[in-house]
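Structure assessment
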Amino acid sequence: VGRSLSSICAGNGVLVACGSNGIGANSNLYQAMSYSADGGQTWTAVAVPGLNDFTYIQAAAYGNGKFVAVTSGGQVLTSTDGRSWAVALDMVESSSGTPDLWDIAFGNGVFLIMGTSTEVGTATWKSTDGVSWSPARAVGFSFGSTLTQLLFVNGTFYHVGEGLLGQASGTGETWSGLQVTVSGQSVVVGALSYGKGTYVAVTDTGYLATSTDFSNWTIRRQLDPNGALITLAFVNGNFVLLMGNLISVSTDGNTWVDSPTGNSGDSFNGVAFDGTRYVATGYPGLTAIGTVA
């Protein structure tokens, strides 16, 4: 319906897309939460009882047989099937503020949330079931005030945001900073992914580079982001780059095949695979369905 879809994830054959929520009787018009059980061909908007007005559902993840989503208003939502959702937690801190929950990832048996706490600044929370949460506190690393990406790959959580790159093993309590050097120059990583023993990163200078050890990086191509939001993912054995209205796919991170789609005003920012098809979502309420040869 013309609203931005911020995130998409897949689990148990169901696709879940997240976006913005309206107010009162009109909240469903914004399709804050939608699901598809046919590979993205048709979508059903979901009403989430108790979801705050004008709340943006930032991201969702699937793990331990459950979907968990986070919002800009400090709410955590859960679902066992992607169709029926409930507010599992409404974070209200002693300062009478609510955290802005940026992103969520699942790994090492836990869901990890990163966001801005009104009490301690950038913070993390962890849970095994999506219902009971405890602060992970993220000691050892000074996070920025914004987040680009939180992901779990190769047994490690990674944080990408505000020119800062961090990693945490275990369940996300202790973090350390990382520096990426490409051709002898220190660069800022704007997007990161991992698969088939290879890390793929997009830098602030527009380079797409790969590494097998996170120390030695090789430039694979020069991008022309032109201010576009860039998202990287490793989905169903393929690397997928989303940049504006461009979708680019690589089997190894080295050679990429570009597929421009839609109009110049379109912008993709999430991709998932439901077992049959690749589905990308973005703005404005955009959905693209495709296969990879």
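Residues numbered from 1 in each chain as written. Predicted model: local features only at pLDDT ≥ 70, side-chain atom pairs only at ≥ 80, totals over all residues. Heavy atoms only, no water.

**Re the sheet that holds strand S21 (residues 207-211)**
Strand pairing in a sheet is mediated by backbone hydrogen bonds. Such pairs are either parallel or antiparallel. Here is the rule we go by: The criterion for strand pairing is that DSSP finds at least two bridges linking the strands in question. Every helix listed is a DSSP run of H or I at least four residues long, and every strand listed is a run of E at least two residues long, numbered separately from the N terminus. Lines are fitted to the C-alpha atoms to define the axes, a helix being fitted only along its stretch in contact, and any angle between axes, read from their N-to-C directions, falls within 0 to 180 degrees.
The four strands lie next to each other as S19-S20-S21-S22, forming an open sheet whose pairing is antiparallel. Both edges of this open sheet fall to strand S19 (189-195) and strand S22 (218-222), since each of them pairs with a single strand only. Geometrically, the sheet is characterised by an average inter-axis angle of 20° between neighbouring strands, direction not taken into account.

**Quick word on the pattern of salt bridges**
Going by this rule: Whenever a carboxyl oxygen of Asp or Glu lies within 4 Å of a side-chain nitrogen of Lys or Arg, that contact is scored as a salt bridge. Each residue is assigned to one of three classes by its accessible area relative to the maximum for its type, calculated with a 1.4 Å probe on protein chains only: buried under 20%, partly exposed between the two thresholds, exposed over 50%.
Summed over the entire model, instances satisfying the criterion amount to two salt bridges. Note that Lys126 is salt-bridged to Glu173, the shortest N-O span being 2.2 Å. Here Glu173 lies in the loop between strand S15 (164-168) and strand S16 (175-177) and Lys126 lies in strand S11 (residues 121-127), a separation of 47 residues in the sequence. Taking the relative accessible area as the measure of exposure, Glu173 reaches 26% and is therefore partly exposed. For Arg221, the salt bridge identified is with Asp258, shortest N-O distance 3.0 Å.

**A few points about the environment of Tyr278**
With respect to the helices and strands, Tyr278 occurs in strand S28 (residues 278-283). Judged by its relative accessible area of 9%, Tyr278 is buried. Along the primary structure Tyr278 and Gly39 are separated by 239 residues, whereas in three dimensions their C-alpha atoms are 7.8 Å apart.

**Some details on unusual backbone geometry**
A positive phi angle is found at Asn108, which is not glycine, with a value near 50°. Tracing the backbone shows Asn108 in the loop between strand S9 (100-107) and strand S10 (110-117). We note that Phe214 has phi near 70°; this positive angle belongs to a residue other than glycine. Within the secondary structure layout, Phe214 lies in the loop between S21 and S22. Its relative accessible area of 11% is what places Phe214 among the buried residues.

**Looking at the pairing of strand S24 (residues 238-243)**
The side chains of a regular strand alternate, first on one face of the sheet and then on the other. Burial within S24 is extensive, with six of its six residues counted as buried. Inspection of the sheet shows strand S23 (residues 230-235) paired to S24 by six bridges, in the antiparallel sense. If you follow Ile230 over to S24, its bridge partner there is Met243. Two successive antiparallel strands, S23 and S24, enclose a turn made up of two residues, where Asn236 displays a positive phi of approximately 55°. In terms of strand pairing, S24 meets strand S25 (residues 246-250) through five bridges, oriented antiparallel.

**Side note on the sheet that holds strand S7 (residues 75-79)**
One open sheet holds the four strands; their spatial order is S5-S6-S7-S8, and the pairing between them is antiparallel. This sheet does not close on itself; its edge strands, each paired only once, are strand S5 (57-63) and strand S8 (86-90). Taking each pair of neighbouring strands and ignoring which way they run, the sheet shows an average axis angle of 25°. The sheet contact formed by S5 and strand S6 (residues 66-71) spans six bridges and is antiparallel. Following the sheet pairing, Tyr62 is matched in S6 by Phe67.

Without other data, these values stay purely geometric and don't point to any function.
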